[in-house]
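A structural walkthrough
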Amino acid sequence: MNERIVHIGVLTWSALVETVRRKDLYVVWMLSIFSLGAGAVLASTGVRGIETFLRDVTLTIINFLSTAVCIWLAARQMPEELSRRTLFPLLARPVRRFDVLLGKFLAVWLLSSGALLVLAGTGWLALLLFKAAIGPIFWQYLLLRALSFGPIAAMTMALSLVLSGPATVVLSGLLTLFGSMFARTLAQTIRGSDALAQAPLKLLYFVLPHLDLFDLSQKAAYNYPPVDAWVVGVLSLYALAYVTVFLGLGEIRFRRMAV
Amino acid sequence: MQNILPNTEKTVRSSRSRLADHARLAICLLGLCALGWSAEPLQSAVRPAAASAVEAELDGAGWEARRLLGQMLWLKTHAVLHAGVEEREALPGEELSRSGEVHRHENSGQAAGGAGAQSNAGEHAGHGHEGHDDHAGHDQGTASQDEHADHGHQGAYVLVIPPAKEDFRGPIGDLERNVKPYLSRDGTLYSKDSDQTLAFYRLITWLDPHHVQAFVVGASFMSRGGKYADDGLRFLHEGERFNPDSFEIQTELGHFYLVYKRDYPAAAEHLVRALQLIPRHRARLPVEEDLRADAYRWLALTYQEWKQPEKAVAVARSGMMALGYDGTLAHVIERKGYPKE
């Protein structure tokens, strides 16, 4: 067991180093600086009384960029290893395929959370400067956002073993960004449909990951009080469940691949 | 030498082919110009010329983008007014099943005591604003509750997220009610900070100076029940400059001059102009219908306060003809155009 943990740790570290070496995250720093600059321009125009609006826009940008970074990083992990054929020497060692997936997943999760912290730190600083600081709910927002990267990264990595790189990015992006809209439409359809049609629709509704549940940005923008601790606890379990499912599916596909 | 010759031939050939390419490119460009030139007469059919100077001014992709941004901010303003809680119109039966959360977008009926000549709460017409009419402290409407039935927005609204008892989603629904803006623990809606919307109206009208509703509603919020009436008036006059043919802005100007300034000649001037500008050759939107009714009411009340009872009664009668029965106008006729003692 200890050996497996060491394997996973080494794989995570190597994936982290590889991503940092490729300077992918430089985009995040650049975007952060750009956002800060844009905010400073807005502040210099003297527009006052739009604290809620500023918070809303800032959190929306953080949500979008951090999710994009997560999907981008997750989508390239396995296909790149395959195309560069660096996976063969890796699998020649006594390493389980699931551990390779898990190591990569942990690296993506850590990097995405790091990118989120950078973006959120910039946003928080900017809001502080504009006297639009967010209350304690901000920390819960960050935590839930980081938790959401679990299912997103696992889902994207599983898809990347089935689809091409660009198709993975597009499909994961659509599922992540429009998933909540689809789920809401589905819920409304269920409420209006007869009992026979309800069963399969409900099944579909409950099977789909509801990633919008990890988004506290609306509450944070309006400075609502923090949510109860049980909500964070349940959402942690919810995220863990989907990570397990998606990584499991990914492993099934990975094991069947002729690598 | 033998090596050089073929190269020279190649160079000559390539320069010839380059010339031919350039010639082809030039012919293509000329052809495109000719096509564009000949297609000019089609433009009038495909894209008719603007009917007025205002429309011509609004033409173009830049304006479209500004209008779109303005509209997005307008929707955002609505969300800000409701502390981010999403709502929708209630379906039949939901007024009973969701009685705890159902609410209406109508005037609060708060009489703006001392707000100009019409301090008697029973007389002033309500002044609902589509989407922004639920702010007790910021609407200048002084309508009595009995008059709401005539012209208030009577639609009931409920929250988009269903209550636990109606939600098939079980724990997922519970989570959503906790992570999205929703009712507070005691089942009430969170309080709203309408001052946060003031900058929105400024931004919307800066982006799209022809967003009439933003001028009308923004002025209403800016004046804060008449406390800062001059700010509201300044905003409305700015709107009038960009939208000289807007009857909505003229109606609101008349309202401001009557209620907050007691300047009856100015109020009458704007309200008469408003009645002249009401669109008659197309179906009016509900918000336009409300303001049309307001224009008649404010004008009748202006003449009443200005001690011109005959004119007050005449306006009230023509208003009743145009609108049907109206409580405020009926009161004016009942008192023969004289103000309440």
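Residues numbered from 1 in each chain as written. Chains lettered and ligands numbered in written order. Predicted model: local features only at pLDDT ≥ 70, side-chain atom pairs only at ≥ 80, totals over all residues.

So, on to the overall build of chain A. Within chain A one finds 10 helices and 0 strands. Starting at the N terminus and ending at the C terminus, chain A contains elements arranged as α-α-α-α-α-α-α-α-α-α. Its C-alpha atoms give chain A a radius of gyration of 20 Å, near enough to 18 Å, the size a compact globule of 259 residues would have. Each principal axis of the C-alpha atoms in chain A carries an extent, and together these give about 60 × 55 × 35 Å. For chain A, the residues scored as buried account for 39% of the 259 residues in total. Sequence-distant contacts in chain A: of pairs separated by 6 or more residues, those separated by 24 or more amount to 88%. (Helix = DSSP H or I, 4+ residues; strand = E, 2+ residues; numbered from the N terminus. Rg over C-alpha atoms; globule rule 2.2 N^0.38 Å. Buried ≥ 20, exposed ≤ 12 C-beta atoms within 10 Å, placed from the backbone. Contact = placed C-beta atoms within 7 Å.)

Of all hydrophobic cores here, the largest spans 68 residues; its most connected members are A:C70, A:F105, A:V108, A:A153 and A:A154. Taken together, the elements giving at least two residues each to this core come down to helix 1 (2-21), helix 3 (51-83), helix 5 (97-129), helix 6 (137-160), helix 9 (217-221) and helix 10 (229-256) of chain A together with strand 3 (156-159) and helix 6 (171-179) of chain B. (Core = buried A, V, L, I, M, F, W, Y, C linked by C-beta atoms within 7 Å.)

What follows concerns helix 10 (residues 247-261) of chain B. All names here are of chain B. Taking 1.5 Å of rise per residue, the 15 residues of helix 10 would be expected to cover 21 Å, and the 20 Å separating its terminal C-alpha atoms lies within 8% of that figure. Here helix 10 lies mainly inside the structure; 14 of its 15 residues are buried. A positive phi of about 55° marks R262, the residue just after helix 10. (Expected span 1.5 Å × (residues − 1).)

Turning to the packing of helix 9 (residues 229-242) of chain B against helix 10 of chain B, a few remarks are in order. All names here are of chain B. Direction vectors running N to C along helix 9 and helix 10 enclose 155°, while the axes themselves pass 10 Å from each other. By the angle class used here, helix 9 and helix 10 are roughly antiparallel. You can see that helix 9 and helix 10 cross each other, and the crossing is left-handed. Counted together, A229, G232, L233, L236, G239 and E240 of helix 9 and I249, E252, L253, F256, Y260 and K261 of helix 10 form the full contact between these two elements. Among the residues making up the contact of helix 9 with helix 10, the classes are represented as 7 nonpolar, 2 polar and 3 charged. (Axes fitted to C-alpha atoms, helices over the stretch in contact; angles between N-to-C directions. Parallel < 35°, antiparallel > 145°, perpendicular 65-115°, else oblique. Left-handed = near helix turned anticlockwise from the far one by under 90°. Nonpolar A, V, L, I, M, F, W, Y, C, P; charged D, E, K, R; others polar.)

Residue and element names in this part refer to chain A. By the secondary structure assignment, S236 is in helix 10. The exposure class of S236 is partly exposed, given the 14 C-beta atoms found within 10 Å. Put simply, S236 and S148 are 88 residues apart on the chain and 8.8 Å apart in space, counted from C-alpha to C-alpha.

Moving on, we come to helix 12 (residues 286-305) of chain B. Side chains three or four residues apart in an α-helix point the same way, a direct result of the helix having 3.6 residues per turn. With 20 residues, helix 12 of chain B extends 28 Å from end C-alpha to end C-alpha; this agrees with the ideal 28 Å at 1.5 Å per step. The buried fraction of helix 12 of chain B is high, at 15 of 20 residues.

Once that is clear, we can look at the interface of chain A and chain B. Tallying the contact residues gives 23 residues for chain A and 19 residues for chain B. For the side of chain A that touches chain B, the secondary structure elements donating two or more residues are helix 3, helix 7 (165-192), helix 9 and helix 10 of chain A. Tallied by class, the residues present in the side of chain A that touches chain B amount to 14 nonpolar, 4 polar and 5 charged.

Turning next to the environment of B:Y303. Residue and element names in this part refer to chain B. Along the polypeptide, Y303 turns up in helix 12. Y303 sits in the buried class, given 24 other C-beta atoms within 10 Å. The sequence separation of Y303 and R177 amounts to 126 residues, and the corresponding C-alpha distance is 52 Å. Setting aside its immediate chain neighbours within four residues, Y303 contacts A268, Q308, K311, A312, V315 and G337.

So, about unusual backbone geometry. Of note, the phi angle at A:N223 is positive, near 55°, even though the residue is not glycine. With respect to the helices, strands and loops of the structure, A:N223 is situated in the loop between helix 9 and helix 10. Overall, the presence of 20 C-beta atoms within 10 Å leaves A:N223 in the buried class. Its identity is not glycine, yet B:A83 carries a phi of approximately 50°, on the positive side. Within the secondary structure, B:A83 is located in the loop between helix 3 (61-81) and strand 1 (87-89).

Okay, the confidence of the model for chain A next. The pLDDT averaged across chain A works out to 87; a share of 96% of its residues lies at or above 70. Mean pLDDT in chain A bottoms out at helix 2 (residues 26-44) of chain A, which sits at 74, and peaks at helix 6 of chain A, which reaches 95. (pLDDT = per-residue confidence, 0-100.)

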